[in-house]
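Listed below are the residues making up each chain.
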Amino acid sequence: MNFLSSQRLLNKMSKISELSLTKIVNGIKKKDFSSEEVTKSFIDSSKKSKKLNTYITECFDEALEISKNFDKKKDYKGLLSGVPIAVKDLFCTKNVKTTAGSKILHNFIPTYESTVTSNLWSQGAFLLGKLNCDEFAMGSSNETSFFGNVKNPYGEKLVPGGSSGGSASALAAGLTPATIGTDTGGSIRQPASFTGTVGLKPTYGRCSRWGIVAFASSLDQAGPMTNSVEDSALLLQAMSGYDSKDSTSVNKKIENYSSNLTEKIKGLKIGIPKEYRVDKMPTEIDDLWKKGIEYLKDAGAIIKNISLEHTMYALPAYYIVAPAEASSNLARYDGVKYGHRAVGKNLIEMYENTRSEGFGNEVKRRILIGTYVLSSGYYDAYYLKAQKVRQLIKNDFDKAFKDVDAILTPSTPSSAFKIGDKSDDPVSMYLNDIFTVPVNLSGLPAISVPAGYDKNNLPLGLQLIGKAFDEQTILNLSLAIEKRANFKKNYSVWWT
Ligand code: GLN
């Protein structure tokens, strides 16, 4: 290849990594570029972006091989044919290291593939790499990862949010065309809001949990993280579906979110819950919320004030239920079956040393809280009470959804904060989840869509909460907001 043509190829490649997932899928189909060119482009931008610390495991050589084979076979049947995708390192990937951001799994190589990743591969996508995340998905800033904190493209000193922070940062920086994360209390929506990307948590049961490292099984749900609402619809369609291997998977037909996507939302009723106007909420967040209301009114929606009475109890209830389930789920990491094993004079000492060495502080804190609230004498006072509160929170939503089609709130109470700012104060860290956890406690779908900036030019997201299994309506409403907010990435690249 002579200098000019290699220069042309380089320009083309750098442009590819700036395209949306949908454009890449269509571009490959129309032969505007090959799968190999797409893959090279994302590998190239990923290699230049080590400072963001987004990857735990890179699968670049394997991805390139697959892309070359794809270009030979030219099988365009899938929704994601020929597209490389990096995923959160919480999804088990067959023969590829899966760490969950933890030392205890630093050498764990699954012999099986999670159902959602396998769904993506059946649609023609392939694995680009495994992305950094908070340890066992516990966190709101990506600072609890054993592999070091991830940085936000919007600033070297800023967190990308958590726990799917590696996914959000890689997506926003153009290192993967789209990605998938998991959301137990906000881990898709909060990092989406902090990085100016779109993050959707589907209805509990919509996407299989099989093969995802479990945090809190009654709350965990996988979902798409993308650069646009259109991409979100496409990726949700590719990853969702019934799975007999997950007993909580719901047997409903996969919907065609992409072709049903429309910004025609005239007449839809949108609830504005007064309880989400929390104390000391920055005026910028309130202003963004008002703007969102105006955007939806402009698109023909009807705005209604509603009340979700028990919202203030959601965070305390979540921080009992989630650690309780985590303490039980994490009991399996004992040095026998998975990952790291420490030495010990006897079996008990081996267990103790393995868990002391293998888990980080936040995970230990959750295990302690979890076992405490489940222990006899405290079970009724804490765990059972939290379960009752959970039901009340769900009842609030059921009541509200008799009058409205969706609910609009801010996604987060602030924009991205500084690395280290909240790491010594777990309660202030937990407060980040104030707008996101009620949704997980109720099993509902919700999406964060970038809608504006704060005074420091940092992205802010709006959240739309939908009725169970009505992802389509919140996607449509998000599209109406996206068109009007006209959000554009506005960071300057500091990491290459
Ligand atoms: N930040 C919340 C927590 O630490 C939510 C995490 C998540 O959704 N995985 O529990």
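Note that the structure is predicted; figures quoted are calculated from it, not measured.

Calculation criteria
- Residues numbered from 1 in each chain as written.
- Predicted model: local features only at pLDDT ≥ 70, side-chain atom pairs only at ≥ 80, totals over all residues.
- Heavy atoms only, no water.
- Helix = DSSP H or I, 4+ residues; strand = E, 2+ residues; numbered from the N terminus.
- Buried < 20%, exposed > 50% of the residue type's maximum accessible area, 1.4 Å probe, protein only.
- Contact = heavy atoms within 4.5 Å.
- Areas by Shrake-Rupley, 256 points an atom, 1.4 Å probe, with all protein chains shown as cover.
- Lys, Arg positive; Asp, Glu negative; His and termini not counted.
- Charge placed at Lys NZ, Arg CZ, Asp CG, Glu CD.
- Phe/Tyr/Trp six-rings, centres within 6.5 Å; stacked < 30°, edge-to-face > 60°.
- Lys NZ or Arg CZ within 6 Å of the ring centre and 35° of its normal.
- Salt bridge = Lys/Arg side-chain N within 4 Å of Asp/Glu carboxyl O.
- Near = heavy atom within 4 Å.
- Polar contact = N/O pair within 3.5 Å; in protein donor to acceptor, adjacent residues only side chain to side chain.
- Core = buried A, V, L, I, M, F, W, Y, C linked by side-chain atoms within 4.5 Å.

## Overview of the overall build of the chain
Each helix and strand in the chain was counted, giving 16 helices and 11 strands. When the backbone C-alpha atoms are referred to their principal axes, the chain occupies close to 75 × 70 × 45 Å. Here the chain, with 496 residues, has 59% of them falling under the buried criterion. Taking the contacts inside the chain whose residues are at least 6 apart along the sequence as the reference set, 75% of them involve residues at least 24 apart. Entry remark: accessible area of the chain is about 19,700 Å², with carbon and sulfur atoms responsible for 52%. Across the chain, the mean location of the 63 positive side-chain charges is 3 Å away from that of the 52 negative side-chain charges.

## Digging into the packing of aromatic side chains
Across all of its chains, the model carries 22 aromatic pairs by this definition. Taking 5.4 Å as the distance between ring centres and 85° as the angle between the ring planes, the aromatic pair formed by Phe-108 and Tyr-338 counts as edge-to-face. Taken together, the positions of Phe-108 in the loop between β2 (84-88) and α5 (115-122) and Tyr-338 in the loop between α10 (314-329) and α11 (347-358) put the pair 230 residues apart, joining distant regions of the chain. What makes Phe-108 buried here is its relative accessible area of 10%. On the numbers, 5.7 Å between centres and 90° between planes, the contact of Phe-194 with Phe-417 is edge-to-face. With Phe-194 in helix α7 (residues 189-195) and Phe-417 in the loop between β9 (406-410) and α14 (426-430), this pair connects stretches of sequence that are 223 residues apart. An identical accessibility class is assigned to Phe-194 and Phe-417; each is buried. A cation sits over an aromatic face here: Lys-252 above Phe-469, 5.0 Å from the ring centre. Geometry around Phe-417 places Lys-422 over its ring, the cationic atom sitting 5.0 Å from the centre.

## What about unusual backbone geometry?
Here Gly-162 and Ser-163 are connected by a cis peptide whose omega angle stands at 5°. You can see Ser-163 is positioned in the loop between β3 (126-131) and α6 (165-172). Positive phi, close to 50°, is recorded for Phe-136, a residue that is not glycine. If you trace the backbone, Phe-136 turns up in the loop between β3 and α6. Positioned with a positive phi, Asn-486 is a non-glycine residue whose angle comes to about 50°. For Asn-486, the position within the fold is in the segment after α16 (471-485). Accessibility expressed as a relative area gives 49% for Asn-486, which makes it partly exposed.

## Some thoughts on the pattern of salt bridges
For the structure shown, the criterion picks out 21 salt bridges. For Asp-44, the salt bridge identified is with Lys-48, shortest N-O distance 3.2 Å. Residue Lys-48 is classed as partly exposed on the basis of its relative accessible area, which comes to 48%. A salt bridge links Glu-263 to Lys-483; the nearest nitrogen and oxygen atoms lie 3.1 Å apart.

## A few points about the site of the ligand
Within the structure, the ligand sits among 15 residues, and Thr-184, Gly-185, Ser-187, Tyr-318 and Arg-366 are positioned closest to it. Take Thr-184: an N or O atom from its main chain is 2.7 Å from an oxygen atom of the ligand. Contacts to the ligand include Ser-187, whose side-chain N or O atom sits 2.7 Å from an oxygen atom.

## Let's talk about helix α8 (residues 229-239)
Among the 11 residues of α8, 10 are classified as buried, and the element is accordingly described as predominantly covered. Immediately downstream of α8, the backbone of Gly-241 shows phi near 135°, a positive value.

## Digging into the nonpolar core
Generally speaking, nonpolar side chains in soluble globular proteins are found buried as a group. With 137 residues, the main nonpolar core has Leu-80, Phe-136, Leu-296 and Leu-408 as its most contacted residues. It is α10 that provides the largest number of residues to this core, a total of 10 residues. Sequence-distant contacts of Phe-136, that is, excluding residues within four places in its chain, are made with Leu-90, Ala-100, Ser-102, Ile-104, Leu-105, Val-213, Phe-215, Leu-330, Tyr-333, Phe-359 and Val-363.

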